[in-house]
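Fold and contact review
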Amino acid sequence: MSAKLNKLEEILRPVVEGLGYELWGIEFRSQGRHSLLRLFIDDPQDGISVEDCEKVSRQVSGVLDVEDPIANEYTLEVSSPGMDRPLFYLDQFEDWAGHQVNIRLRMAFEGRRRFQGVLKGIEGGDVVVVVDDHEYLLPFESIDKANIVPVFE
């Protein structure tokens with residue numbers, strides 16, 4: 001996790017949790033002079049509504065105005081992780097073991113950057129995923145993006 005994301009998490013996690021939600025993850029995309037800050041919030045019991053997102057957005061906006069951790073202009077979005085929820089933290093990979101997952105790496109590992117298969121969990125600092133009966137141990141710090149793949153039956 002980058003220093004910028006660490007700082008944002010340090011500032012925003014207490015705000016989100018103080019409102020009774022879980023901070024599922026943070027995305028920050030610097031796009032020249034205009035950036036995007038996206039917070040994913042969750043409530044495992046009740047789910048997330050538009051009103052929940054609005055409430056968190058108002059509180060987070062106030063804190064960001066005071067703390068001013070982002071130098072450039074940016075857009076703030078607050079969202080539910082949804083059914084194809086992104087995975088941000090190593091413990092989330094453990095919690096979602098047994099689910100289909102889509103993983104993209106920053107650099108190729110064993111000749112590929114994309115892996116879609118069954119998430120087995122974690123082993124040390126590696127994420128374990130089974131793709132076509134082959135088990136891969138992917139270094140967590142090499143993961144660029146990971147999402148749960150919803151299965152509809």
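Refer to the structure above for everything that follows.
Residues numbered from 1 in each chain as written. Predicted model: local features only at pLDDT ≥ 70, side-chain atom pairs only at ≥ 80, totals over all residues. Heavy atoms only, no water.

1. Some thoughts on the sheet that holds strand S2 (residues 34–42)
Consider a sheet: its strands pair through backbone hydrogen bonds, and that pairing is either parallel or antiparallel. Our working rule: Strand pairing is assigned whenever DSSP identifies at least 2 bridges connecting the two strands. Think of it this way: any DSSP run of H or I at least four residues long counts as a helix, any run of E at least two long counts as a strand, and we number them from the N terminus. Lines fitted to C-alpha atoms define the axes, with helix axes restricted to the stretch in contact, and inter-axis angles between N-to-C directions lie between 0 and 180 degrees.
Pairing is mixed across the open sheet formed by three strands, whose spatial order is S1-S2-S3. Each end of this open sheet is capped by a strand with a single partner; those strands are strand S1 (22–29) and strand S3 (73–79). Recorded for the sheet is a direction-independent mean angle of 15° between the axes of neighbouring strands. Where S1 meets S2, seven bridges bridge the pair, whose relative direction is antiparallel. Within the sheet, the bridge partner assigned to Leu23 lies in S2 and is Ile41.

2. Looking at the pattern of salt bridges
Note the following rule: Salt bridge, as applied in this entry: a Lys or Arg side-chain nitrogen positioned within 4 Å of an Asp or Glu carboxyl oxygen. We call a residue buried when its accessible area falls under 20% of the maximum for its residue type, exposed when it is over 50%, and partly exposed in between, using a 1.4 Å probe and counting protein chains only.
Applying the stated criterion to the full structure yields nine salt bridges. Measuring nitrogen to oxygen at the nearest pair gives 2.7 Å for the salt bridge that ties Asp144 to Arg104. One end of the pair, Asp144, is in strand S8 (residues 143–148); the other, Arg104, is in strand S4 (residues 100–109), and 40 residues separate them in sequence. You can call Asp144 partly exposed: its relative accessible area is 36%.

3. Observations concerning helix H2 (residues 50–67)
Counted only if it meets this: In this analysis, the expected span of each helix is defined as 1.5 Å times one less than the number of residues it contains. Here, the arc refers to the directions that run from the helix axis to the C-beta atoms.
Between the first and last C-alpha of H2 there are 25 Å, a value that for 18 residues agrees with the 26 Å anticipated at 1.5 Å per step. Buried within H2 are the following residues: Asp52, Cys53, Val56, Val60 and Leu64. For H2, the angular spread of the buried residues around the axis is 85°, confining them to a single face. Away from the buried face of H2 by more than 90 degrees, exposed residues Glu51, Arg58, Asp65 and Val66 are located. Of the residues trailing H2, Asp68 is marked for its positive phi of about 50°.

4. Quick notes on the sheet that holds S8
Here five strands make up an open sheet; going across it, the order is S7-S6-S5-S4-S8 and the pairing antiparallel. Edge strands, defined here as strands with exactly one partner in the open sheet, are strand S7 (134–139) and S8. Direction aside, the axes of adjacent strands within the sheet are offset by 40° on average. Inspection of the sheet shows strand S5 (residues 112–123) paired to strand S6 (residues 126–131) by five bridges, in the antiparallel sense.

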